[in-house]
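Here's the letter readout for the chains.
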Amino acid sequence: MTYPMHLEDGLLGHTKPLTANPVFNDQKLKLGIFSSNCSGGVIMSHEPTDFRVTWDQQLEIARTADELGMEAMVPVGRWTGFGGETNFNGVCFETYTWAAGLAQATENIGIFTTTHVPTVHPIVAAKMATTIDHISGGRFGMNLVMGWFTPEMEMFGRKQLEHDERYAYGQDWLEFAMKLWNEEEGFDYDGPYFQSTGAHAYPKPVQDDRPALLNAGASPAGQDFSARNVDINLIALPTEEVPGYVKGIKQLANDEYERNIDVWTYCLVICRETEKEARAAQQAIIGKGDWPGAQIIMDVLGIQSQSFGTQITQFQERFIAGWGGPNLVGTPEQVCEQFSELSDAGMAGAVFGFHDYARELKEFGAEVMPLMRKHGLRH
């Protein structure tokens with residue numbers, strides 16, 4: 001693909017290079033850091049931690065993950081906290097500017113934004129995404145969220161759409177963005193939700209034909225959106241349910257849309273020298289948990305999102321410790337074994353958080369990563 005001939009001479013006839021976003025590498029189990037841009041990370045608890053949402057810590061976490069050879073930094077997009085006692089995620093860096101800063105500060109790791117599609121117009125999002133893709137040299141990705149938390153939509157003066165309609169809106173949003181990333185000349189766009197005359201965007205992304213895309217939809221509409229559009233579907237399921245889910249969404253992507261998709265999970269890692277210490281750390285987090293905040297999230301998810309389905313009532317502790325995702329708890333050997341079980345179940349990757357991101361990530365790199373290489377999960 002080439003840039004239009006009418007652009008400035010520095011881009012005249014320039015062909016975009018092929019890039020290798022690390023999320024597409026050949027590691028058996030991709031790894032990444034999740035939700036480090038928000039207060040609490042993936043933990044709703046009063047248990048003391050040195051984790052803070054400061055730029056110095058963000059840089060430390062991202063650079064450590066980069067040095068360890070991890071594939072992704074995936075933030076959580078939040079515009080308001082969840083209330084309760086800790087106002088979980090109430091302090092949060094905006095994810096496009098966060099991604100731009102970390103892209104400049106790292107060398108190899110994939111940097112994602114999390115974008116609520118009802119809050120950012122496709123023209124603006126496409127331009128910001130292209131800019132970060134250039135800053136990163138083709139390491140950028142987008143986590144597309146349809147906007148499930150009604151108080152956030154109300155902050156923007158938006159009416160919360162019905163569940164499945166949110167994905168119809170997201171489809172139109174993405175199709176408009178795709179044309180902006182790929183059309184060489186100006187075009188008119190007339191979709192069900194977006195209309196534009198003479199739309200165009202230059203330069204184009206470094207990645208051809210778009211940044212890497214991730215979506216966490218697990219409802220039927222969410223799975224269909226992921227199967228049709230994205231590279232990675234992010235889910236949190238009990239390990240025994242993973243094989244069937246992975247088989248189903250891969251078959252949907254192949255049969256209906258003639259494309260491939262990977263499935264990743266997100267989780268909380270609590271790794272200590274002994275299993276007893278790890279279990280004690282987990283129980284300390286839960287024992288000092290923000291139970292009112294967890295109940296708020298459960299209520300909201302039960303009414304406003306189908307991604308967790310009927311499992312919500314079983315997950316209150318997991319919302320306190322892990323934001324609904326699995327907990328990988330134990331010694332370095334046990335944590336490695338639990339990652340291996342996820343891989344064997346069909347997970348192609350895992351993004352995760354810690355109680356104390358900066359310190360525990362370094363320990364993870366020193367103690368768990370060598371074991372993952374030894375057991376063939378990494379090379």
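Calculation rules
- Residues numbered from 1 in each chain as written.
- Predicted model: local features only at pLDDT ≥ 70, side-chain atom pairs only at ≥ 80, totals over all residues.
- Heavy atoms only, no water.
- Helix = DSSP H or I, 4+ residues; strand = E, 2+ residues; numbered from the N terminus.
- Rg over C-alpha atoms; globule rule 2.2 N^0.38 Å.
- Buried < 20%, exposed > 50% of the residue type's maximum accessible area, 1.4 Å probe, protein only.
- Contact = heavy atoms within 4.5 Å.
- Lys, Arg positive; Asp, Glu negative; His and termini not counted.
- Charge placed at Lys NZ, Arg CZ, Asp CG, Glu CD.
- Patch = residues over 30% accessible without salt bridge, like charges linked within 9 Å, V, L, I, M, F, W, Y side chains within 5 Å.
- Areas by Shrake-Rupley, 256 points an atom, 1.4 Å probe, with all protein chains shown as cover.
- Salt bridge = Lys/Arg side-chain N within 4 Å of Asp/Glu carboxyl O.
- Polar contact = N/O pair within 3.5 Å; in protein donor to acceptor, adjacent residues only side chain to side chain.
- Pairing = 2+ DSSP bridges.
- Right-handed = clockwise from strand over helix to strand, strands pointing away.
- Core = buried A, V, L, I, M, F, W, Y, C linked by side-chain atoms within 4.5 Å.
- Phe/Tyr/Trp six-rings, centres within 6.5 Å; stacked < 30°, edge-to-face > 60°.
- Lys NZ or Arg CZ within 6 Å of the ring centre and 35° of its normal.
- Axes fitted to C-alpha atoms, helices over the stretch in contact; angles between N-to-C directions.
- Parallel < 35°, antiparallel > 145°, perpendicular 65-115°, else oblique.
- Nonpolar A, V, L, I, M, F, W, Y, C, P; charged D, E, K, R; others polar.

Participant: Please set out the overall build of the protein chain residue by residue, giving values where relevant.
Facilitator: Assigned secondary structure in the protein chain consists of 13 helices and eleven strands. Rg of the C-alpha trace for the protein chain: 20 Å, near the compact-globule value of 21 Å for 379 residues, within the 12% margin. In terms of overall dimensions, the protein chain has a C-alpha envelope of 65 × 45 × 40 Å along the principal axes. Out of the 379 residues belonging to the protein chain, those deemed buried represent 59%. For the protein chain, the proportion of contacts with a sequence separation of at least 24, taken over those separated by at least 6, is 74%. Within the protein chain, one finds 28 positive and 50 negative side-chain charges whose respective centroids are separated by 2 Å.

Participant: Give a detailed account of a negative patch on the surface, specifying residues and quantitative values.
Facilitator: Residues E273, E277, E333 and E367 make up a contiguous surface patch of negative charge. Inspection of the secondary structure puts E277 in helix α8 (residues 275-287). Residue classification places E277 among the partly exposed residues on the basis of a relative accessible area of 41%.

Participant: I'd like a description of the side chain of T114, backed by residues and values.
Facilitator: If you trace the backbone, T114 turns up in strand β3 (residues 110-116). With a relative accessible area of 6%, T114 lands in the buried category. Only 3.1 Å separates the side chain of T114 from the side chain of N143, close enough to count as a polar contact. T114 has contacts with V74, P75, V76, G77, T95, N143 and V145, leaving out every residue within four places of it along the chain.

Participant: I'd like to hear about the pairing of strand β8 (residues 232-235), residue by residue, with values.
Facilitator: The side chains of a regular strand alternate, first on one face of the sheet and then on the other. Because side chains alternate across β8, one face comprises the buried residues I232 and L234, and the other comprises N233 and I235, equally buried. By the bridge criterion, two bridges tie strand β7 (residues 212-215) to β8 in an arrangement that is parallel. Bridging across to β8, L214 finds its partner in I232. Between the parallel elements β7 and β8, the chain passes through helix α6 (residues 220-229) in a crossover that is right-handed. Pairing analysis gives four bridges linking β8 to strand β9 (residues 262-271), with the strands arranged parallel. Opposite I235, over in β9, you have T265 as the bridge partner.

Participant: Help me get a handle on the nonpolar core, residues and values and all.
Facilitator: Grouped together as the largest cluster of nonpolar side chains are 119 residues, with contacts concentrated most on I33, M73, W323, F339, F352, F364 and M372. When residues no more than four places from it in sequence are discounted, the contact partners of F339 are L29, L31, V269, L328, A350, F352, F364, M372 and L377.

Participant: Can you explain the packing of aromatic side chains? Please cite residues and give values.
Facilitator: For the coordinates displayed, the defined rule picks out 20 aromatic pairs. Just above the ring of F187 sits the side chain of K179; from NZ or CZ to the centre is 5.0 Å.

Participant: Tell me about a nonpolar patch on the surface, and name the residues and values.
Facilitator: Together, W79, M155 and F156 make up a nonpolar patch on the protein surface, roughly 300 Å² of accessible area in all. Assignment of secondary structure puts W79 in the loop between β2 (72-74) and α2 (95-105). For W79, a relative accessible area of 36% gives the class partly exposed.

Participant: Which residues make up unusual backbone geometry, and what are the values?
Facilitator: For the peptide bond that leads from Y202 to P203, omega is 0°, which places it in the cis range. Its place among the elements puts P203 in the loop between β6 (195-199) and β7. At N87, a position not held by glycine, the phi torsion is positive, near 45°. Tracing the sequence through the fold places N87 in the loop between β2 and α2.

Participant: Outline the pairing of strand β11 (residues 349-353), listing residues and values.
Facilitator: The element β11 is extensively covered by neighbouring structure, given that five of its five residues are classed as buried. In this structure, strand β1 (residues 30-34) lies alongside β11, joined through four bridges in parallel fashion. Within β11, the residue paired with K30 across the bridge is G349. The pairing of β9 with β11 spans five bridges and is parallel. Each residue of the ladder has a partner; that of T265, found in β11, is A350.

Participant: Describe the packing of helix α1 (residues 55-67) against helix α12 (residues 357-367), and please don't skip the residues or the numbers.
Facilitator: Orientation of α1 relative to α12, taken along the N-to-C sense of each, is 10°, at an axis distance of 9 Å. As the angle between them shows, α1 and α12 are arranged roughly parallel. Between α1, through E60, I61, T64 and A65, and α12, the contact on the second element is made entirely by Y357, A358, L361 and K362. Here the contact of α1 with α12 is composed, by residue class, of five nonpolar, one polar and two charged.

Participant: Pulling in residues and values, what's your account of the environment of G289?
Facilitator: Within the fold, G289 resides in the loop between α8 and α9 (291-304). The exposure class assigned to G289 is buried, which follows from its relative accessible area of 6%. Remark: the alpha-carbon pair of G289 and G138, spanning 151 residues in sequence, is separated by 40 Å. What G289 contacts, discounting residues up to four positions off in sequence, is M44, S45, H46, E85 and I320.

The quantities given are spatial measurements derived from coordinates; they are silent on function.
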